[in-house]
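# Structural overview for review
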Amino acid sequence: MNSSFRGKLIQGDNAAVLDSLRREGTQVTCAYIDPPYNNHDRLQHYDDSVSDNIWLDQISSCALQIKQVLAENGSLWVSIDDGMMHYLKVRLDEIFGRENFVSTIVWEHRTSRENRAVFSNNHEYILVYARDRKKFKEYRNPLEFTAEWKSRFKNPDNDPKGDWQSVSATAQGGHATKSQIYAIECPDGRMLYPPKGRCWTLTKERMLKAIGEGRIYFGRGGGGVPRIKKYLSEVEGGLTPHTLWKAEEAGTTAHAKKHVLSISEEMAVFETPKPEELIARIVHIATKPNDLVLDAYLGSGTTAAVAHKLGRRYIGIEIGDHIATHCVARLRSVCRGEEGGISTSTGWRGGGDFEFSRHA
Ligand SMILES: C[S@@+](CC[C@H](N)C(=O)[O-])C[C@H]1O[C@@H](n2cnc3c(N)ncnc32)[C@H](O)[C@@H]1O
């Protein structure tokens, strides 16, 4: 972490704090907000019940202020549920421009079933906007390859180049050149043309070279359709994130509540925390080490805890007094090497520091 900057927790109304950040020239790479959803729930720590129009004005104005502190490659990620999602989407489109809308992520926030309801709602949304979609796309990180994904690579023919999986050797024939339509001589003697309306993905010259190098698989015994071997050792980069984030990879609300409770016995239940796994995914995709992460509705401090563990700088803004009882207590515990949430998967051992202040 940049030695001149410590993570900052600021108690105050986000409108006033964001105004100060803009005046100071703060540049945020990833802003995440998880505002009250205005679903009229009675919650212990904050009010979730104003008129829809007032709520929309508040969140839109916060989004506009965040846009003003976003770096060129920066992005805003907004958690929201079914109740206000579509109204909010229209407002955010106006603020960022539809061309800068990146995606809607669907997060499976619970795995249990609510049998008293008409539908047992088990998803929330995350709306993703970029200050400049093109620059964000160039900057964003793919996900790391998972063990499940790697396990799809096998080596049934003892290929010395190691595990591989096969991909189709044909493509739509519409834009094919002549050099992509020819007969392949298969190991069992068949002369095989691409199926009607399709072409080979490789030109004849490249296909012959690939066959010579053992990069084409003709099925067990050589009697199948040729397919191209993609070797695990040659795969670069990572996985393009899906838009559906399952509980097994991004956690659930229930799981996050348990984690927050486990941090300190003195911490009262916080009803709506997000799991560290969910926020870690966002931070991983949108930022690089040392970038600045902002959360203007900090709640129990999840975003700050994740940013700290992942070596990002961070500013967390929270209006409620639970910033002291929850966020400050949680971050102290993180600095001491707290073991829950993403600590095991990231090898977190503790360290670093943060500041806590009240906005004047
Ligand atoms: C849904 S919770 C956020 C939960 C958080 N993502 C977590 O993982 O714990 C929303 C939070 O926003 C805070 N809040 C509401 N209005 C605010 C405002 N104007 N400025 C700063 N914080 C605000 C509430 O006090 C509440 O703690």
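Data block above holds the structure.
Okay, so let's go over this structure. All figures in this text were calculated on a predicted structure; none of them were measured in a lab.

## Regarding the environment of Tyr 37
Looking at where Tyr 37 falls in the secondary structure, it is placed in the loop between strand 2 (28–33) and helix 2 (52–69). Looking at Tyr 37, the relative accessible area reads 9%, which means it is buried. Here the side chain of Tyr 37 touches Lys 274 through a polar contact of 3.1 Å, side chain to side chain.

## Notes on the sheet that holds strand 5 (residues 123–130)
With mixed pairing, nine strands are arranged side by side in an open sheet as 13-4-5-3-2-14-15-1-16. On the outer flanks of this sheet lie strand 13 (244–245) and strand 16 (354–358), each paired with one strand and no other. Those strands touched by helix 9 (residues 276–286) are strand 2, strand 3 (70–80), strand 4 (101–108), strand 5, strand 13 and strand 14 (292–295), and its axis lies near 155° from that of strand 2. Running at roughly 170° to strand 15 (residues 313–318), helix 10 (residues 302–309) makes contact with strand 1 (7–11), strand 2, strand 14 and strand 15 of the sheet.

## Looking at the site of the ligand
Around the ligand, a shell composed of 19 residues is seen, among which Asp 34, Lys 274, Ser 300, Thr 302 and Glu 318 lie nearest. With respect to the ligand, the side chain of Thr 302 contributes an N or O atom lying 2.6 Å from an oxygen atom. In isolation the ligand exposes 610 Å². Once the protein is present, 92% of that is buried.

## Remarks on unusual backbone geometry
The backbone phi angle of Asn 158 is positive, close to 50°, even though this residue is not glycine. For Asn 158, the position within the fold is in the loop between helix 5 (147–150) and strand 6 (164–168). For Asn 290, which is not glycine, the phi dihedral falls at a positive 80°. One can find Asn 290 in the loop between helix 9 and strand 14. Residue Asn 290 is classed as partly exposed on the basis of its relative accessible area, which comes to 32%.

## Considerations on the sheet that holds strand 6
Taking strand neighbours across the sheet as the criterion, the three strands line up as 6-12-11 in an open arrangement whose pairing is antiparallel. One side of each edge strand has no neighbouring strand; the edge strands of this open sheet are strand 6 and strand 11 (216–217). Pairing geometry for strand 6 and strand 12 (residues 227–231), over five bridges, is antiparallel. Considered in strand 12, the bridge of Val 167 is made with Ile 228.

## Describing the packing of helix 1 (residues 14–23) against helix 2
A packed helix pair is summarised by two numbers, namely the angle formed by the two axes and the spacing between the axes. Viewed as axis vectors pointing N to C, helix 1 and helix 2 meet at an angle of 20°, and their least axial separation amounts to 9 Å. One finds that helix 1 runs roughly parallel with respect to helix 2. Here the hand of the crossing between helix 1 and helix 2 comes out left-handed. Contacts between helix 1 and helix 2 involve Asn 14, Ala 15, Leu 18, Asp 19, Leu 21 and Arg 22 from the first element and Cys 62, Gln 65, Ile 66, Gln 68 and Val 69 from the second.

## Considering the packing of aromatic side chains
All chains considered together, the criterion is met by six aromatic pairs. Here Phe 96 and Tyr 129 contribute two aromatic rings whose centre-to-centre distance is 5.3 Å and whose plane-to-plane angle is 35°, an arrangement assigned as tilted. Placement of Phe 96 in helix 3 (residues 85–96) and of Tyr 129 in strand 5 is noted, with a sequence separation of 33 residues between them. One exposure class covers both Phe 96 and Tyr 129, and it is buried. Grouped by ring-pair contacts, the aromatic residues Phe 96, Phe 101 and Tyr 129 constitute a single cluster. Over the aromatic face of Tyr 139 sits the side chain of Lys 288, whose NZ or CZ is 4.3 Å from the ring centroid.

Basis of the calculations
Residues numbered from 1 in each chain as written. Predicted model: local features only at pLDDT ≥ 70, side-chain atom pairs only at ≥ 80, totals over all residues. Heavy atoms only, no water. Helix = DSSP H or I, 4+ residues; strand = E, 2+ residues; numbered from the N terminus. Buried < 20%, exposed > 50% of the residue type's maximum accessible area, 1.4 Å probe, protein only. Polar contact = N/O pair within 3.5 Å; in protein donor to acceptor, adjacent residues only side chain to side chain. Pairing = 2+ DSSP bridges. Contact = heavy atoms within 4.5 Å. Axes fitted to C-alpha atoms, helices over the stretch in contact; angles between N-to-C directions. Near = heavy atom within 4 Å. Areas by Shrake-Rupley, 256 points an atom, 1.4 Å probe, with all protein chains shown as cover. Parallel < 35°, antiparallel > 145°, perpendicular 65-115°, else oblique. Left-handed = near helix turned anticlockwise from the far one by under 90°. Phe/Tyr/Trp six-rings, centres within 6.5 Å; stacked < 30°, edge-to-face > 60°. Lys NZ or Arg CZ within 6 Å of the ring centre and 35° of its normal.

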